[in-house]
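# Structure assessment
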Amino acid sequence: MATDIVAQLAESLAKTGVEDGELSYKGQGRKLDDAQSVEEIVKEIQDFEDLQALRLEGNTIGVAAAQAIAKALETKSKFKRCYWSDMFTGRLRSEIPPALNSLGDALMLANARLTVLDLSDNAFGPDGVKGIERLLKSTACYTLQELRLNNCGMGIGGGKILAAALIQCYKTSSAEGTPLGLKAFVAGRNRLENEGATALAQAFKLMGSLEEINVPQNGINHPGVTAMAGAVQNNPNLRILNLNDNTFTEKGAIAMAQALKHLRSIQVINFGDCLVRPAGAIAIAETVSEGLPILKELNLSFGEITEEAALAVVHAVKNKDQLEKLDLNGNCLGEDGCKVLKDAMEGMNIGDILGSLSDDDGEPEDDDEEDDDEEEEDDEDVDDEEIEEEEEEEEEDDDSNGIKLSTPASAPRPPDVSSFLSFPSPDKLLKLGAKRALLIEQQVDVSDASKTAEAFLKIASVYKEENNDVKIAVLDSIDALLKKAFATPSFQGYSFVSSLLVLLGLLKSEDKVKPVVVVPGHLHTLEHVVRQDYFPKENVAVLEAFLSRNNNALESCGNARDDLQSTLQRVRSEG
C-alpha cells in the first residue's frame with residue numbers, strides 16, 4: 001500500500017514538473033496566444049506558494065499570454081530561475097520585447113532575486129536585448145549567476161546593449177555592497193563580432209567572477225579575441241572557455257595564451273576551428289606546460305597547425321594527469337605527421353586521450369617564398385604620402401590665387417609633435433624642448449594599442465647610443481608614453497606587443513601591415529623598456545620567444561639584438 005502511495009506521488013510530481021520549487025511546461029508545444037490560453041498555467045503559478053523556477057521552453061507565447069503569466073509572477077518573491085528558451089517560435093519579432101518587458105517587470109515588482117536567466121534559441125535580435133535591459137539593470141539581477149543567451153541573433157548592437165546593462169548592474173550592486181558575481185555566460189551564434197565581443201569583455205573584466213565563458217561562432221577576429229583575453233586573465237576562477245569557430249590567427253592566439261597563464265582552475269579549453277596557426281599553438285603549448293594543473297580537455301582542431309607545433313602541444317600535456325581529451329583533428333600534419341603524433345603520445349602512455357585525426361588536411365603548401373616576394377615588392381614601393389609631406393615641409397604655402405606665401409625667417413615654426421612623428425629625426429625631437437615627453441604623451445592615443453606601438457617605433461628610431469642628449473630624450477619620451485598606456489584601463493598590453501612584433505617583422509600580419517626597417521635604436525629602446533616596472537612581466541616571455549627565432553629582420557642589428565635577448569632572459573628569470 002505504501003509503495004502504491006509513493007508511486008502515485010511520484011507520478012503526480014512528474015505530471016506537474018515540480019522539482020526544487022520548479023513548475024515546468026517544458027517541451028509541451030503549446031500555442032499560448034492570449035490570457036484565456038494560459039488560465040491553467042496562471043492558476044498553477046498562483047497556487048504554487050514558494051515558486052522558485054518556471055520552465056516555459058518549447059512553447060510559443062504571445063504578448064497577451066506573457067502579460068497574464070507576468071501578473072501571476074508579481075507576488076513570487078522567492079522566484080530565482082527563468083528557463084525561457086525557445087518560447088517565441090512563430091512570433092513576430094515585434095511581439096518579443098513587450099512580452100519580455102512584462103515578464104521582467106513582474107519579477108522586479110515581486111522583488112525576486114534571480115540566479116538563472118535562460119533565453120536561448122529565441123532569435124530576438126538587438127530589440128530582444130532591449131526587452132530585458134531594465135531587468136538586467138535591476139536589483140532582481142544583483143544575484144544572477146547564469147546568463148544564457150545562446151543563438152539569439154543579438155548582433156553587435158545587442159552585444160553592446162547587453163554589456164552596458166551588465167556593467168550598470170555591477171556598478172549599482174557594488175555600491176549597495178552586493179556586487180554582481182556572474183559565473184556562467186553563454187552566447188554562442190550571436191554575430192557579436194569584434195565590437196560586441198570587445199564591449200562584453202569590458203563587462204567580464206569588471207566582474208572578474210566568471211567560471212564559464214561560452215561564445216562560439218560569433219565572427220570574432222583577433223581584435224575581439226585579444227579583448228576577450230584581457231577579460232579572461234581577470235577571471236581567475238574560470239573553468240570553461242569555449243571560443244570555438246571564431247578566428248584567432250596568431251595575434252589572438254598569442255594574446256589568449258598569455259591570458260591563460262593567470263588561470264589555475266581552467267578545465268576545458270575549446271579553441272577548435274579558430275585558426276590558431278603554428279605560432280599560436282606553440283604559445284598555447286608553452287602556457288599548458290607551465291601551468292593549468294587541472295586541465296581536462298584541450299581542443300585545437302582545425303587550426304592550420306603543423307606537425308612541429310602539434311608535437312609541442314603533445315609534449316606540453318604529457319604531465320597533465322587529469323587530461324581526458326586532446327583534439328588536434330583537421331590540422332596540417334600530413335600522413336607521416338599523424339603517425340609521428342600518435343607514436344609520440346603512445347610513447348608517453350597517453351595515446352588514449354588523443355581524438356581522431358581522420359580529417360587531417362595534409363601538410364601545408366609552401367607559400368613562404370610567395371610571401372617573401374610580396375614583402376620585397378612592398379619594400380621597393382615608394383611611400384607617396386611620405387614624399388608629399390616632405391615636399392610640403394620644404395615648399396612655401398600657396399594661397400588661393402596660386403601666389404606663394406613664404407614664412408618669414410624671423411618666425412620659425414614652433415615645435416610640432418605631429419611633424420616629428422610623421423618624419424622622425426633626432427634634431428626634431430630635441431627641438432620639442434624640455435616638455436617633449438608631455439607633448440608626445442598628449443599627442444598619442446594610448447587607448448589604441450596599434451597606434452601606441454607605431455609611436456614607440458618612431459620615437460625609438462632616432463635613438464643614438466653615442467649621443468647622450470638624444471638617448472635621454474628618447475628614453476624619457478618612451479617612459480612617459482608607455483607609463484600612461486599601461487596605466488590606462490582600456491589599454492590592451494597583449495595587443496601592443498603583437499603590433500610591435502608585426503611592425504618589427506617578427507610576426508605575420510593578417511592585415512598586410514608593412515613592417516618597418518628595423519634599426520638598432522628600436523632594440524636598444526625595447527631593452528630599456530622591458531627592465532622598467534611599468535612593463536608587464538608576462539609580456540617579456542612573448543618577446544623572448546619571438547626574438548629567439550632566426551629572423552632576417554634583425555640581422556642588421558646583431559649586437560643590439562644579442563643585448564636585448566640577454567636582457568629578456570635575465571628579466572624573465574628574475575621574475
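That block above? That's the structure.
Structure report, in brief. (Residues numbered from 1 in each chain as written. Predicted model: local features only at pLDDT ≥ 70, side-chain atom pairs only at ≥ 80, totals over all residues. Heavy atoms only, no water.)

### So, the overall build of the protein
Which entries qualify depends on this criterion: Helix and strand definitions here come from DSSP, where helices need a minimum of 4 consecutive H or I residues and strands a minimum of 2 consecutive E residues; each element is numbered from the N-terminal end. Burial status follows relative accessibility: with a 1.4 Å probe on protein chains alone, a residue under 20% of its type maximum counts as buried, one over 50% as exposed, and anything between as partly exposed. Contact criterion: two residues are considered in contact whenever any of their non-hydrogen atoms come within 4.5 Å of each other. Throughout, the Shrake-Rupley method with a 1.4 Å probe supplies accessible areas, and for residues the shown protein chains are the sole cover considered.
Regarding its fold elements, the protein presents 23 helices and 15 strands. Across the 575 residues in the protein, those meeting the buried criterion constitute 49%. For the protein, the proportion of contacts with a sequence separation of at least 24, taken over those separated by at least 6, is 82%. Accessible surface for the protein amounts to roughly 27,000 Å². Of this, 45% is attributable to carbon and sulfur atoms.

### Let's talk about helix 8 (residues 222-232)
The α-helix advances 3.6 residues per turn, and as a result positions three or four apart in sequence lie on the same side. Within helix 8, 10 of the 11 residues are buried, which leaves it mostly tucked inside the rest of the structure. Of the residues making up helix 8, those classed as buried are His 222, Gly 224, Val 225, Thr 226, Ala 227, Met 228, Ala 229, Gly 230, Ala 231 and Val 232. For helix 8, the elements touching its buried residues are helix 7 (193-207), strand 9 (212-214), strand 10 (240-242), helix 9 (249-260) and helix 20 (493-503).

### A few points about the packing of aromatic side chains
Rule in force here: In this analysis, rings of Phe, Tyr and Trp, with Trp reduced to its six-membered ring, are considered paired at centre separations within 6.5 Å, and the interplanar angle assigns stacked below 30 degrees, edge-to-face beyond 60, and tilted for intermediate values. Ring-over charges, as used throughout, are those where CZ of Arg or NZ of Lys falls within 6 Å of the ring centre and within 35 degrees of the ring normal.
All chains considered together, the criterion is met by 8 aromatic pairs. An angle of 80° between the planes, with centres 5.1 Å apart, marks the rings of Phe 486 and Phe 491 as edge-to-face. Overall, the relative accessible area of 6% leaves Phe 491 in the buried class. By way of ring pairs, the aromatic residues Phe 456, Phe 486, Phe 491, Phe 496, Tyr 534 and Phe 535 are connected into one cluster. Just above the ring of Tyr 83 sits the side chain of Arg 55; from NZ or CZ to the centre is 3.8 Å.

### What to know about the pattern of salt bridges
In plain terms, the rule: The working definition used for a salt bridge is a side-chain nitrogen of Lys or Arg within 4 Å of a carboxyl oxygen of Asp or Glu.
Counted by the stated rule, this structure contains 23 salt bridges. Across the salt bridge formed by Asp 33 and Lys 31, the nearest N and O atoms sit 3.1 Å from each other. Using a relative accessible area of 57% as the deciding quantity, one classes Lys 31 as exposed. Measuring nitrogen to oxygen at the nearest pair gives 3.5 Å for the salt bridge that ties Glu 74 to Lys 71. Owing to a relative accessible area of 58%, Lys 71 belongs among the exposed residues under this scheme. One network of salt bridges, with partners in common, ties together Lys 31, Asp 33, Arg 91 and Glu 95.

### Details of the nonpolar core
The condition that has to hold: For the purposes of this section, nonpolar cores are sets of buried Ala, Val, Leu, Ile, Met, Phe, Trp, Tyr and Cys residues that join through side-chain atoms within 4.5 Å. Domain start and stop points were drawn from an automatic or database domain assignment.
Of all hydrophobic cores here, the largest spans 177 residues; its most connected members are Leu 73, Trp 84, Phe 271 and Phe 496. When residues of this core are assigned to domains, at least three map to each of domain 1 (18-112) and domain 2 (417-574). Once residues lying within four places of it in the same chain are set aside, the contact partners of Phe 271 are Leu 241, Leu 243, Phe 248, Met 256, Leu 260, Val 276, Ile 284, Asn 299, Leu 300 and Ser 301.

### Focus on the sheet that holds strand 9
To keep it simple, the criterion reads: When DSSP finds two or more bridges between two strands, those strands count as paired. With axes taken as lines fitted to C-alpha atoms, and helix axes fitted only over the stretch in contact, angles between N-to-C directions fall between 0 and 180 degrees.
Spatial strand order, 1-3-5-6-7-8-9-10-11-12-13: 11 strands in an open sheet with parallel pairing. Looking along the sheet, the strands with just one partner apiece sit at the ends: strand 1 (22-24) and strand 13 (325-327). In this sheet, neighbouring strand axes are inclined to one another by 5° on average, regardless of whether the strands run parallel or antiparallel. Relative to strand 9, strand 8 (residues 184-186) runs parallel, the two being bridged by 3 bridges. Bridging from a neighbouring strand, Val 186 pairs with Asn 214 of strand 9.

### Describing the packing of helix 6 (residues 155-175) against helix 7
Our working rule: Roughly parallel covers angles under 35 degrees, roughly antiparallel covers those over 145, roughly perpendicular covers 65 to 115, and oblique covers all other angles. Here is the rule for handedness: rotate from the far helix to the near one, and if that takes an anticlockwise turn smaller than a right angle the crossing is left-handed, while a clockwise turn gives right-handed. Only Asp, Glu, Lys and Arg are considered charged in this grouping, and only Ala, Val, Leu, Ile, Met, Phe, Trp, Tyr, Cys and Pro are considered nonpolar; every other residue, Gly among them, is considered polar.
At a minimum axis separation of 8 Å, helix 6 and helix 7 run at an interaxial angle of 10°. One way to sum up the angle between helix 6 and helix 7 is to call them roughly parallel. The hand of the helix 6/helix 7 crossing is left-handed. Packed against helix 6, whose contacting residues are Ile 156, Gly 159, Lys 160, Leu 162, Ala 163, Leu 166, Ile 167, Tyr 170 and Lys 171, the element helix 7 presents Glu 193, Glu 195, Gly 196, Ala 199, Leu 200, Gln 202, Ala 203, Leu 206 and Met 207 at the interface. Residues of the contact of helix 6 with helix 7, tallied by class, amount to 11 nonpolar, 3 polar and 4 charged.

### Remarks on unusual backbone geometry
Negative phi is the rule for most residues except glycine; trans is the rule for most peptide bonds. Positive phi values are uncommon outside glycine, yet Asn 111 reaches one of about 60°. Along the chain, Asn 111 falls in the loop between helix 4 (96-109) and strand 6 (116-118). The backbone of Asp 245 shows a phi angle near 60°, a positive value even though the residue is not glycine. Turning to its location among the elements, Asp 245 is positioned in the loop between strand 10 and helix 9.

### Thoughts on the side chain of His 522
Selection rule: Two N or O atoms form a polar contact when they lie within 3.5 Å of each other; inside protein one atom must be a possible hydrogen donor and the other a possible acceptor, and for residues adjacent in sequence the pair counts only when both atoms belong to side chains.
For His 522, the position within the fold is in helix 21 (residues 520-530). Of note is the side chain of His 522, whose polar atom sits 3.0 Å from the backbone oxygen of Leu 457. Those residues in contact with His 522, other than ones at most four positions away along the chain, are Phe 456, Leu 457, Ala 460, Ser 461, Leu 504, Val 516 and Val 517.

### Some remarks on the packing of helix 18 (residues 449-460) against helix 21
Relative placement of two packed helices is described by the angle separating their axes and the distance separating the axes. Contact geometry of helix 18 with helix 21 gives a least axis separation of 8 Å together with a crossing angle of 115°. Taken together, the axis directions place helix 18 and helix 21 in an arrangement best described as roughly perpendicular. The interaxial crossing formed by helix 18 with helix 21 has right-handed handedness. Contacts between helix 18 and helix 21 pair Phe 456, Leu 457 and Ala 460 from the former with Gly 521, His 522, Thr 525, Leu 526 and Val 529 from the latter. Tallied by class, residues from the contact of helix 18 with helix 21 come to 5 nonpolar, 3 polar and no charged.

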